[in-house]
Amino acid sequence: MLTYYLELALRAMRSHRGLTVLMLLSIAMGVAACMTTLTVFHVMSGDPIPHKSSRLFNVQLDAESKRDWKPGDEPELQLTRFDAEQLLRAKRAVHQVIMTGSFIAVDPAGSGDAAQPPFFTGGRWTTADFFAMFDAPFRYGNGWSAADDTSEARVAVISTELNDKLFGGQDSRGKTVRLRDKDFTVVGVLKPFRPAPHYYDLTLGAYAKAADVYIPLSTSLSLRFGAAGNMSCWGRTDGVDPRSPNAPCAWLQYWVQLDTPQQVADYKTYLTQYSDQQREAGRFERPSNPKLSGVNEWLAIRKVVPSDIKLQVLLAFGFLAVCLTNTVGLLLAKCLRRSGEIGVRRALGAPRRQIFLQFLVEAGTLGLVGGLLGLALTWVGLWVVRQNPSDYAQLAQLDWQMLATTLGVSLAASLLAGLLPAWRACQITPAIQLKTQ
């Protein structure tokens, strides 16, 4: 019976081409506007590491002076070098990482390719646990060890993109990459890796591209490679290097991995005790107020998702509702034009539920065809978004999840639009229609 109704639906679509085109365009435009905006929202607000986000925590300590302080103020977003190194040495978490971002000059001549001119690229100065904590995938090799951190080893992990540029995509382990005028040995090459949002360091942009080169933080400090991102200083800093161990400046991100609620509670207690000790030593002035923020909580604190994108999603769904309203009107008009056909079917014994099912199948068929057209328009819409120079624009891709959602929304919208016309078709009186034939 379903096959028969599909055949009737296709025949009806061909026999009323004008109405069919209008309905398909209405559904397709509504779905495309809705799914283009929803895909951008999905990219900007998605969980960047869903299988692990509940176990990763950003650490905040209130190390600032008490000047202008008010109870309930948010702690400093980053840590001082002194505090970060103290927490790292304590090793109270499953994994712990200190890091900062930077930009560094790469000299291809040091990699055996004198034909390329030097260029700048993004760097990340971090500690050994970075790759395990954030599940950075390796194509070749692996990261460095904690011993390399301690010895200020000149080792590097590079991205696939940089590996392709310098070494033609080959296994470059053991080869040399020159950063500024210093040579580093490549120990690992990452697969494509770009978390979105860029949750572990929002100071360089919430949707910034991941770094192309990673080296030990201790090595970068000894070579004075510098850093990029936010820095907050307080107290007297005249003549003091803000990145020295005792400088009153917060500029390092600190993340920990804690796998159980008990580990979270224990680590929070440890941070409170650490803050109390630092206050007794005269370093901290404010009451102890450490914070552990999970990935999604951290993104909310930093207000990563702009409020206007949420409004755009609501407006897109509103436009879809308008398109559905138009589709309902067109389906009703089509239904009334077929009153004679419906009356004959009823007189021949077709029950109301079969008439209802017939028109619902017709609406669903329109939805599927309209969804495919809407999918094509969605691809066009996302292509337009990708022409935007914003960091997030290149991430606006239609993945399988959003592809299925597009077709699902189209089908659900068309079935919803078809309910009223299908119900109206059931109410047609056979006797009156037969009399008019």
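Above this text you will find the structure in question.
Reading guide: rules and limits
- Residues numbered from 1 in each chain as written.
- Predicted model: local features only at pLDDT ≥ 70, side-chain atom pairs only at ≥ 80, totals over all residues.
- Heavy atoms only, no water.
- Helix = DSSP H or I, 4+ residues; strand = E, 2+ residues; numbered from the N terminus.
- Buried < 20%, exposed > 50% of the residue type's maximum accessible area, 1.4 Å probe, protein only.
- Contact = heavy atoms within 4.5 Å.
- Axes fitted to C-alpha atoms, helices over the stretch in contact; angles between N-to-C directions.
- Parallel < 35°, antiparallel > 145°, perpendicular 65-115°, else oblique.
- Left-handed = near helix turned anticlockwise from the far one by under 90°.
- Salt bridge = Lys/Arg side-chain N within 4 Å of Asp/Glu carboxyl O.
- Disulfide = S-S within 2.5 Å.
- Core = buried A, V, L, I, M, F, W, Y, C linked by side-chain atoms within 4.5 Å.
- Patch = residues over 30% accessible without salt bridge, like charges linked within 9 Å, V, L, I, M, F, W, Y side chains within 5 Å.
- Areas by Shrake-Rupley, 256 points an atom, 1.4 Å probe, with all protein chains shown as cover.

Trainee: Would you take a moment to explain the overall build of the protein for this structure?
Mentor: If you tally the helices and strands in the protein, you get 14 helices and 12 strands. Per-residue burial for the protein yields a buried fraction of 50% across its 437 residues. A sequence separation of at least 24 residues applies to 76% of the contacts in the protein between residues at least 6 apart.

Trainee: What is the right way to read the packing of helix α3 (residues 81–90) against helix α8 (residues 261–280) from this model?
Mentor: In helix packing, the relevant descriptors are the interaxial angle and the interaxial distance, both defined with respect to the helix axes. Packing of α3 against α8 leaves a shortest axis separation of 12 Å and a crossing angle of 135°. Taken together, α3 and α8 sit at an angle that is classed as oblique. Where α3 crosses over α8, the handedness of that crossing is right-handed. Contacts between α3 and α8 involve Phe82, Asp83, Gln86, Leu87 and Ala90 from the first element and Tyr267, Tyr270, Leu271, Tyr274 and Gln278 from the second.

Trainee: Teacher, can you tell me more about the environment of Gly226 here?
Mentor: Along the chain, Gly226 turns up in the loop between α7 (217–222) and β10 (232–233). Overall, the relative accessible area of 30% leaves Gly226 in the partly exposed class. In contact with Gly226, not counting residues within four places along its chain, are Ser102, Trp125 and Arg243.

Trainee: Would you take a moment to explain the pattern of salt bridges for this structure?
Mentor: Pairing is possible between side chains of opposite charge, provided their charged atoms come close. In this structure the tally under the stated criterion is 15 salt bridges. The partner of Glu74 in a salt bridge is Lys291, and the shortest N-O contact between them spans 3.5 Å. Of the two residues, Glu74 is situated in the loop between β1 (56–60) and β2 (79–80) and Lys291 in strand β12 (residues 291–294); the sequence distance between them amounts to 217 residues. Looking at Glu74, the relative accessible area reads 35%, which means it is partly exposed. For Asp241, the salt bridge is made with Arg224, and the minimal N-O distance between the two is 3.6 Å. Note that Asp241 is positioned in the loop between β10 and β11 (249–257) and Arg224 in the loop between α7 and β10, a separation of 17 residues in sequence. A single network of salt bridges, built from pairs that share partners, joins Asp62, Glu64 and Arg286.

Trainee: Looking at this structure, I do not really get unusual backbone geometry. What am I missing?
Mentor: Across the chain, the bulk of peptide bonds are trans and the bulk of non-glycine residues have phi less than zero. Following Ala196, the chain continues to Pro197 via a peptide bond in cis, the omega torsion being 0°. Phi is positive for Glu152, which is not a glycine, with a value near 55°. Look at Glu152 and you get partly exposed, because its relative accessible area is 39%. Here the phi dihedral of Lys303 falls at roughly 50°; this positive angle occurs in a residue that is not glycine.

Trainee: What am I meant to see in the state of the cysteines here?
Mentor: Chemically, a disulfide is nothing more than a covalent bond linking the sulfur atoms of two cysteines. A complete count under the given rule lists 1 disulfide for this structure. Linked covalently through their sulfurs, Cys233 and Cys249 form a disulfide whose S-S length is 2.0 Å. Between Cys233 and Cys249, the S-S dihedral sits near 115°, and the bridge is therefore right-handed. Within this pair, whereas Cys233 is found in strand β10, its partner Cys249 is found in strand β11, the two being separated by 16 residues in sequence. We note that Cys323 lacks a disulfide partner, and the nearest cysteine sulfur, in Cys34, lies 9.9 Å from it.

Trainee: Looking at this model, I keep getting lost on the nonpolar core. Mind explaining?
Mentor: Generally speaking, nonpolar side chains in soluble globular proteins are found buried as a group. By size, the foremost hydrophobic cluster in this structure holds 61 residues, and its most contacted members are Phe130, Phe134, Tyr199, Tyr200, Tyr214 and Trp255. Elements represented by at least two residues in this core include exactly α2 (17–45), β3 (95–107), α4 (130–133), β6 (155–158), α9 (295–301), α10 (307–337), α12 (352–386) and α13 (400–426). Examining the composition of this core, we find that 11 residues originate from one element, α2, more than from any other. For Phe130, the residues in contact, after removing those within four places along its chain, are Val97, Met99, Arg124, Phe193, Tyr200 and Tyr214. Of all hydrophobic cores here, the second largest spans 43 residues; its members include Leu162, Val189, Trp234 and Leu258.

Trainee: Just checking my understanding: could you explain the side chain of Ser220 for this structure?
Mentor: Mapped onto the fold, Ser220 is located in helix α7. A relative accessible area of 4% places Ser220 in the buried class. Once residues lying within four places of it in the same chain are set aside, the contact partners of Ser220 are Trp125, Ile215 and Phe225.

Trainee: What am I meant to see in a nonpolar patch on the surface here?
Mentor: A cluster of nonpolar side chains, namely Val21, Leu25, Met29, Phe319, Leu373 and Leu377, defines an oily patch on the protein surface of about 480 Å² accessible area. Secondary structure elements with two or more residues in the nonpolar patch: α2 and α12. Among the structural elements, Leu377 can be located in helix α12. Taking relative accessible area as the criterion, Leu377 reaches 35% and is therefore assigned partly exposed.

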